Amino acid sequence: DRRNPAQPASGVGLKPAPRRPLRQRLGELDWLESEAIHILREVAAELSLGDLSARAPVEPADDLGALGAKLNAMADRVQRVLQAQKDLLAGVSHELRSPLARIEVALELIRIEFENSRAAAPDGQDRRQSTGEQLLVEIHEEVELLERHIGRLLEAQRVGVDRVLPQRAEIS
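Rules and cut-offs
Residues numbered from 1 in each chain as written. Predicted model: local features only at pLDDT ≥ 70, side-chain atom pairs only at ≥ 80, totals over all residues. Heavy atoms only, no water. Patch = residues over 30% accessible without salt bridge, like charges linked within 9 Å, V, L, I, M, F, W, Y side chains within 5 Å. Areas by Shrake-Rupley, 256 points an atom, 1.4 Å probe, with all protein chains shown as cover. Salt bridge = Lys/Arg side-chain N within 4 Å of Asp/Glu carboxyl O. Lys, Arg positive; Asp, Glu negative; His and termini not counted. Charge placed at Lys NZ, Arg CZ, Asp CG, Glu CD. Helix = DSSP H or I, 4+ residues; strand = E, 2+ residues; numbered from the N terminus. Buried < 20%, exposed > 50% of the residue type's maximum accessible area, 1.4 Å probe, protein only. Core = buried A, V, L, I, M, F, W, Y, C linked by side-chain atoms within 4.5 Å. Contact = heavy atoms within 4.5 Å.

Enquirer: Quick question: what am I supposed to make of a negative patch on the surface here?
Expert: Residues E33, E59, D62 and D63 make up a contiguous surface patch of negative charge. By the element assignment, E33 lies in helix 1 (residues 22-48). The partly exposed category is assigned to E33, whose relative accessible area is 45%.

Enquirer: Explain the nonpolar core to me, please; I cannot follow it from the model alone.
Expert: Ranked by size, the top nonpolar core spans nine residues in total: L40, V43, L47, L52, A54, A56, L64, L71 and A75. Elements with a contribution of two residues or more to this core: helix 1 and helix 2 (63-120). Residues contacting L64, with those up to four places away along its chain left out, are E33, A36, I37 and L40. L100, L107, L136 and V143 belong to the second-largest nonpolar core, a separate cluster that totals five residues.

Enquirer: Could you clarify how one ought to interpret a nonpolar patch on the surface in this entry?
Expert: Residues M74, V78 and L82 make up a contiguous nonpolar surface patch of about 240 Å² in total accessible area. By secondary structure assignment, the location of L82 is in helix 2. When its relative accessible area of 39% is taken as the criterion, L82 is described as partly exposed.

Shown next as structure tokens:
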């Protein structure tokens, strides 16, 4: 028999660990649950401030862990939606800029043609801007306005939509 003589035989003479009162054990559970809720609240606050990298613990596999998993899934989805929005803004802005550049060139050619026609007019003719030239100026101003809007879209895509585009405000 190679047993340590200081140890009692298996099961013989061992006392069970003292059981803690139920109230103490429930208090520990309440504390753990309270701490988990506190952590979930902090993660939710970080997410609400725009930190979409914040993640909640998903363990233990109870209701609070399931809530953490749902928060994480929501953050993942918001990240994907925001990335898709950025990609869309970049694509739309690029697709609008190309035809606007061609319109700008065409407008400039028309303006030059009007100037050449006015310069070639006989001395006695009216050299004021024609209605066509006035319309040309108005079209050019509208194209410039579109260019500024597209510039704002590109800026929004680059630095984040919240910082550039006007925000909706609740009116009470």
